[in-house]
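Each chain, letter by letter, is given below.
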Amino acid sequence: MSEPAIHGYHAHVYYDADTLERARAICETAQREFGVQMGRMHERPVGPHPDWSCQLAFDQETFGRVVPWLAVHRQGLVVFLHPLTGDDLADHRDHAIWMGAVRPLNLAALMV
């Protein structure tokens, strides 16, 4: 069985109304320090994500710098990380890495 090719990664920083500015600072710092692509600050659940979130997109070469930095600088926020293999369901369900509490994803949003 061949391994799926990884084309990049997404890290989703989860937050709520009380931690919105903390999350924004973390995401903006990651963008500035590592050149990751920062998505919108969603103030509602989007797609499979059960909480408000901001997506950080980056390549394999950046992984080794971004992930350890997030582990140390997430300030108690949950970070959901997954590879991009072209199989969204497997990426979110089977290949996920969690920092902090594991949150229940809405996987039905990926089965359409």
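Model, not experiment: these values are computed from the prediction. (Residues numbered from 1 in each chain as written. Predicted model: local features only at pLDDT ≥ 70, side-chain atom pairs only at ≥ 80, totals over all residues. Heavy atoms only, no water.)

Enquirer: Could you clarify how one ought to interpret the overall build of the protein in this entry?
Expert: The helix and strand inventory of the protein stands at 3 helices and 5 strands. The linear arrangement of helices and strands in the protein, starting from the amino end, is β-α-β-β-α-β-α-β. Here the protein has a C-alpha radius of gyration of 13 Å; the compact-globule value for 112 residues is 13 Å, and the two agree. Expressed along its principal axes, the backbone C-alpha trace of the protein runs to roughly 45 × 30 × 20 Å. Here the protein holds 112 residues, and the buried ones make up 41% of them. The contacts in the protein between residues at least 6 apart in sequence include a share of 61% that link residues at least 24 apart. Carbon and sulfur atoms provide 51% of the accessible area of the protein, an area that totals close to 6300 Å². Within the protein, one finds 9 positive and 14 negative side-chain charges whose respective centroids are separated by 5 Å. (Helix = DSSP H or I, 4+ residues; strand = E, 2+ residues; numbered from the N terminus. Rg over C-alpha atoms; globule rule 2.2 N^0.38 Å. Buried < 20%, exposed > 50% of the residue type's maximum accessible area, 1.4 Å probe, protein only. Contact = heavy atoms within 4.5 Å. Areas by Shrake-Rupley, 256 points an atom, 1.4 Å probe, with all protein chains shown as cover. Lys, Arg positive; Asp, Glu negative; His and termini not counted. Charge placed at Lys NZ, Arg CZ, Asp CG, Glu CD.)

Enquirer: Any chance you could explain the sheet that holds strand E2 (residues 37-38) here in plain terms?
Expert: Taking strand neighbours across the sheet as the criterion, the 5 strands line up as E2-E3-E1-E4-E5 in an open arrangement whose pairing is antiparallel. Each end of this open sheet is capped by a strand with a single partner; those strands are E2 and strand E5 (97-99). Relative to E5, strand E4 (residues 79-83) runs antiparallel, the two sharing 3 bridges. For phenylalanine 80, the partnering residue across the bridge sits in E5 and is tryptophan 98. Against the sheet, helix H1 (residues 20-34) makes contact with strand E1 (9-15), E2 and strand E3 (52-58), and its axis sits at roughly 155° relative to E1, the strand it touches most. Packing of helix H2 (residues 60-73) onto the sheet brings it into contact with E1, E3, E4 and E5, and relative to E3 it is tilted by some 145°. (Pairing = 2+ DSSP bridges. Axes fitted to C-alpha atoms, helices over the stretch in contact; angles between N-to-C directions.)

Enquirer: Help me understand the nonpolar core in this model?
Expert: When a protein is soluble and globular, its nonpolar side chains tend to lie buried together. Ala11, Val13, Val36, Leu56, Phe58 and Leu70 are the most contacted members of the largest nonpolar core, which totals 23 residues. Among the secondary structure elements, those contributing two or more residues to this core are E1, H1, E3, H2 and E4. Considering every element that reaches this core, the biggest residue donor is H1, with 6 residues. The residues touching alanine 11, leaving out its near neighbours within four places in the chain, are Cys54, Gln55, Leu56, Phe58, Leu70, Val79, Phe80 and Leu81. (Core = buried A, V, L, I, M, F, W, Y, C linked by side-chain atoms within 4.5 Å.)

Enquirer: Honestly, the packing of aromatic side chains in this entry has me stumped. Any pointers?
Expert: Both the distance between ring centres and the angle between the ring planes are used here to describe each pair of aromatic rings. Overall, the coordinates contain 6 aromatic pairs when judged by the stated rule. Between phenylalanine 80 and tryptophan 98 the ring centres are 4.5 Å apart and the planes differ by 40°, which places this aromatic pair in the tilted class. You can see phenylalanine 80 sitting in strand E4 and its partner tryptophan 98 sitting in strand E5, a full 18 residues away along the chain. Judged by relative accessible area, tryptophan 98 falls into the partly exposed class, the value being 22%. Among the aromatic residues, those joined into a ring-pair cluster are Tyr9, Phe58 and Phe63. (Phe/Tyr/Trp six-rings, centres within 6.5 Å; stacked < 30°, edge-to-face > 60°.)

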